[in-house]
Amino acid sequence: MASHVKSGVPATDRVRFALVEGAAELFAPPFVEYLVYLHDHFTPRIHALRATRAEVLEKALHHRVLPTHPPVTNINTGDWQVPPAPDDLKKPGIEISGPASITGMFINALNPGPEGTRADGDLDDDEDSAGHRLIDTVRATHNRLGAVNRALTYVDPEKGKEYRIQEGELPFFMHRERGLHLDEPEVTVDGAPIPASILGTAFTLFYAGRAQVERGQGIYFYLPKLELAEECAFWRDFFDASRNSLSFLKDAVIRAVVLVESLPAAYQMEEMLYALGPYAGGLNAARWDFQASILEYVMTDPNQVWPDRFGVDIKTTDFLANIFRRLVAICLKRGAVAIGGMATALPNPNEEVNKVAGASIRADKEWEARQGFLRGWVAHIYHMKTAADPFKEWWGSGWKPTPEMAKPENYPIRIKVPEGPMTVDGTRRNVRTLIEYVEGWLNGRGAKGIDSLAGRPGIHPALMEDLATARISVAQTAQRILHHAKDSNTGEVHDFALVKRLLQEELEDILARLKTETEKAGAKGQAAYSEAEGRYRKAVKIAMRWIKNYTDLNFRSLGSYTRAQLDEIAAQADAF
């Protein structure tokens, strides 16, 4: 590619990046030329798309005008089809999801589970389960390249454990970069932060993408947090521009699956597939993020306050189930692939807990398979076969979707308030989840095993929670404060004072349990406790700021803050 010069300044002089480990190797001159080309062509467009998103949200919050269907056109009435799906994407089964930046976890995901079989696909994530620092994106880039080349190894210095990729066919890779709403402050072009989605996708195409092409593999992406068809058109043009810039991509198979995790996207699923053009692969039914998006759009409406989120099951909440059935119908109608949700349970030393978790996962995936989903996701290899079998058995039985299942009009979108109790105990679980998640974030992790019922009677496995879980926990808590929601049983009213009390009580319970665990390790355990205690206390301050932001109708992502900014928040007075 010819040298890209703007105002007489070479591309390599326009880009600045933090010198985190492994970055200099990636920011070689040919990559910088490509990156600057993408920045000049697409950064202004991302800013315009963000402004359009803000306008749609503004109408909902201040005028109670919710998103709705686009006009009737040949896009939603014609007989067009997406390009034929590659064989990889047509496999029934399961994809294992986790951060590509945590090397040991990434390698584990690529290897067989306890039953000796691998996942069909690997969702190597740099978005919901990653830490959103440049170091995370750089590590993810190196790890993806190493995995494609089967050269990735890792030694855990604390455990003394070596991780390496085992022999056998690997899962196909599904790359998920950060969303269009985020910037990367540690990489600037002409002094301004580059959009994180441009940086991450450029890294993946330039490095792992080249290696995948050389091995005859398709390059597949999940596109997170999209809201409008125009954003899919952006990605179509982005992939076109990358083909034109990088000769090795000229004949590459590139496909993208849209995550339907925002309310506006639910109304534009057909238009989104159409806008992706030759890159359209399918649609994914997100759960927590989708519900969080609904809560954000109805945040100012006192008639839309939701019950405890833990009881809102997609399978039994008709209006949510119908939205996902509509997603499947559109995929069937247009020849796209429908991907279901996540099984997040983690293994437990108590086999009874694992048994209950496994039965729940199987029931969930059986339901998804019967709706017409081809695959779902799982968070840990322990439950991989349990999550995969329902899809393989259902589709392997010769079952075919009925013609009625392929008619989106059979599944109209209606936004309602789910049935269920609204309790302070549900809010308590939200804030405990939030404290635990933010502590993990401060410790460099975007995904963390959390038991929001720790210490309580009953069987409840820890779940691998990511940024989507934290987001819905914040949204629901803020909604209850805004509307002074009352406990269905006691009549207790939600306000800032109540939520602050819950945060403090859960913090003290977490620390008490942690202290008991670490005391067994003597001086080393005390040091670990002191370090963790500092993070947990910071996490409460950050959680309060995040909740307060939402009550002010500022839905800023945790991923948009630098660690220095979070430290500043933790040093300030409580947000409420």
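Residues numbered from 1 in each chain as written. Predicted model: local features only at pLDDT ≥ 70, side-chain atom pairs only at ≥ 80, totals over all residues. Heavy atoms only, no water.

Student: Please explain the overall build of the protein chain as it appears in this structure.
Tutor: Regarding its fold elements, the protein chain presents 19 helices and 17 strands. Considered along the principal axes of its C-alpha atoms, the protein chain spans approximately 65 × 60 × 50 Å. In the protein chain, buried positions account for 59% of the 576 residues. Here the contacts in the protein chain between residues at least 6 apart in sequence split such that 80% fall between residues at least 24 apart. Carbon and sulfur atoms form 51% of the exposed surface of the protein chain, whose accessible area is close to 22,500 Å². Taking the average place of the 68 positive charges on the side chains of the protein chain and the average place of its 77 negative ones, the gap between the two points comes to 1 Å. (Helix = DSSP H or I, 4+ residues; strand = E, 2+ residues; numbered from the N terminus. Buried < 20%, exposed > 50% of the residue type's maximum accessible area, 1.4 Å probe, protein only. Contact = heavy atoms within 4.5 Å. Areas by Shrake-Rupley, 256 points an atom, 1.4 Å probe, with all protein chains shown as cover. Lys, Arg positive; Asp, Glu negative; His and termini not counted. Charge placed at Lys NZ, Arg CZ, Asp CG, Glu CD.)

Student: Help me understand the sheet that holds strand E11 (residues 219-223), please; the structure alone is not making it clear to me.
Tutor: Sheet strands pair via backbone hydrogen bonds, and the direction of the pair is either parallel or antiparallel. In spatial order, the strands read E4-E5-E8-E11-E12-E13-E14-E15; together these eight strands close into a barrel with parallel pairing. Strand-to-strand twist of the sheet, defined as the mean angle between neighbouring strand axes without regard to direction, takes the value 30°. Where strand E4 (residues 93-99) lies against strand E15 (residues 375-378), four bridges are found, and the strand directions are parallel. Considered in E15, the bridge of Ile 94 is made with Gly 376. Seen against the sheet, helix H7 (residues 196-214) touches strand E8 (172-176), E11 and strand E12 (254-260) and runs at an angle of roughly 150° to E11. (Pairing = 2+ DSSP bridges. Axes fitted to C-alpha atoms, helices over the stretch in contact; angles between N-to-C directions.)

Student: I tried to follow the pairing of strand E5 (residues 121-125) on my own but got confused; where do I start?
Tutor: Looking down a regular strand, the side chains alternate between one sheet face and the other. For E5, a buried count of five out of five residues is recorded, marking the element as mostly surrounded by other parts of the structure. Here E5 shows two buried faces, one formed by Gly 121, Leu 123 and Asp 125 and the other by Asp 122 and Asp 124. Judged from the five bridges that link them, E4 and E5 form a sheet pairing that is parallel. Directly across from Pro 99, in E5, lies its bridge partner Asp 125.

Student: Can you walk me through helix H11 (residues 288-297) in this structure?
Tutor: For the α-helix, the turn length of 3.6 residues means that residues three or four positions removed from each other point alike. Counting buried residues in H11 gives nine out of ten residues, a clear majority hidden from the surface. For H11, the set of buried residues is Asp 289, Phe 290, Gln 291, Ala 292, Ser 293, Ile 294, Leu 295, Glu 296 and Tyr 297. Those residues of H11 that are buried lie in contact with helix H3 (29-63), E12, helix H9 (263-267), helix H12 (318-334), helix H16 (467-482) and helix H18 (522-551).

Student: Is there a simple way to explain unusual backbone geometry in this structure?
Tutor: Comment: phi is negative for the bulk of residues other than glycine, and the bulk of peptide bonds are trans. Of note, the phi angle at Arg 150 is positive, near 60°, even though the residue is not glycine. With respect to the secondary-structure elements, Arg 150 resides in the loop between helix H6 (134-148) and strand E6 (153-156). We classify Arg 150 as partly exposed; its relative accessible area is 33%. We note that Lys 225 has phi near 60°; this positive angle belongs to a residue other than glycine. Turning to its location among the elements, Lys 225 is positioned in the loop between E11 and helix H8 (229-245).

Student: What is the right way to look at the side chain of Glu 127 in this model?
Tutor: Within the secondary structure layout, Glu 127 lies in the loop between E5 and H6. One polar contact links Glu 127 to Lys 225, side chain to side chain, over a distance of 3.2 Å. If sequence neighbours within four positions are ignored, Glu 127 has contacts with His 132, Arg 176, Glu 177, Arg 178, Gly 179, His 181, Pro 224 and Lys 225. (Polar contact = N/O pair within 3.5 Å; in protein donor to acceptor, adjacent residues only side chain to side chain.)

Student: Would you mind showing me how to read the environment of Val 82 here?
Tutor: Along the chain, Val 82 falls in the loop between helix H4 (74-77) and E4. If we ignore the near neighbours within four places in the chain, the residues touching Val 82 are Leu 273, Ala 280, Arg 334, Gly 335 and Ala 336.

Student: Help me out: how do you make sense of the sheet that holds strand E10 (residues 192-195) in this one?
Tutor: Pairing within the open sheet is antiparallel, and its three strands lie in the order E3-E9-E10. In this open sheet, the two edge strands, each paired with only one partner strand, are strand E3 (15-17) and E10. Sheet twist, expressed as the mean angle between neighbouring strand axes with direction ignored, is 55°. Relative to E10, strand E9 (residues 183-189) is paired through four bridges, and the arrangement is antiparallel. Within E10, the residue paired with Asp 183 across the bridge is Pro 195. Lying over the sheet, H7 contacts E9 and E10, oriented at roughly 55° with respect to E10.

Student: Before we go on, may I ask you to explain the packing of H3 against H8 in this structure?
Tutor: The description of two helices packed together rests on the angle between their axes and the distance between the axes. Interhelical geometry of H3 versus H8 gives an angle of 175° and a closest axis separation of 11 Å. The angle between H3 and H8 places the two elements in the roughly antiparallel class. Contacts between H3 and H8 involve Tyr 34, Tyr 37, Leu 38, Phe 42, Arg 45, Ile 46, Leu 49 and Arg 53 from the former and Glu 230, Glu 231, Ala 233, Phe 234, Asp 237, Phe 238, Ala 241, Ser 242 and Ser 245 from the latter. Of the residues assigned to the contact of H3 with H8, the class counts are ten nonpolar, two polar and five charged. (Parallel < 35°, antiparallel > 145°, perpendicular 65-115°, else oblique. Nonpolar A, V, L, I, M, F, W, Y, C, P; charged D, E, K, R; others polar.)

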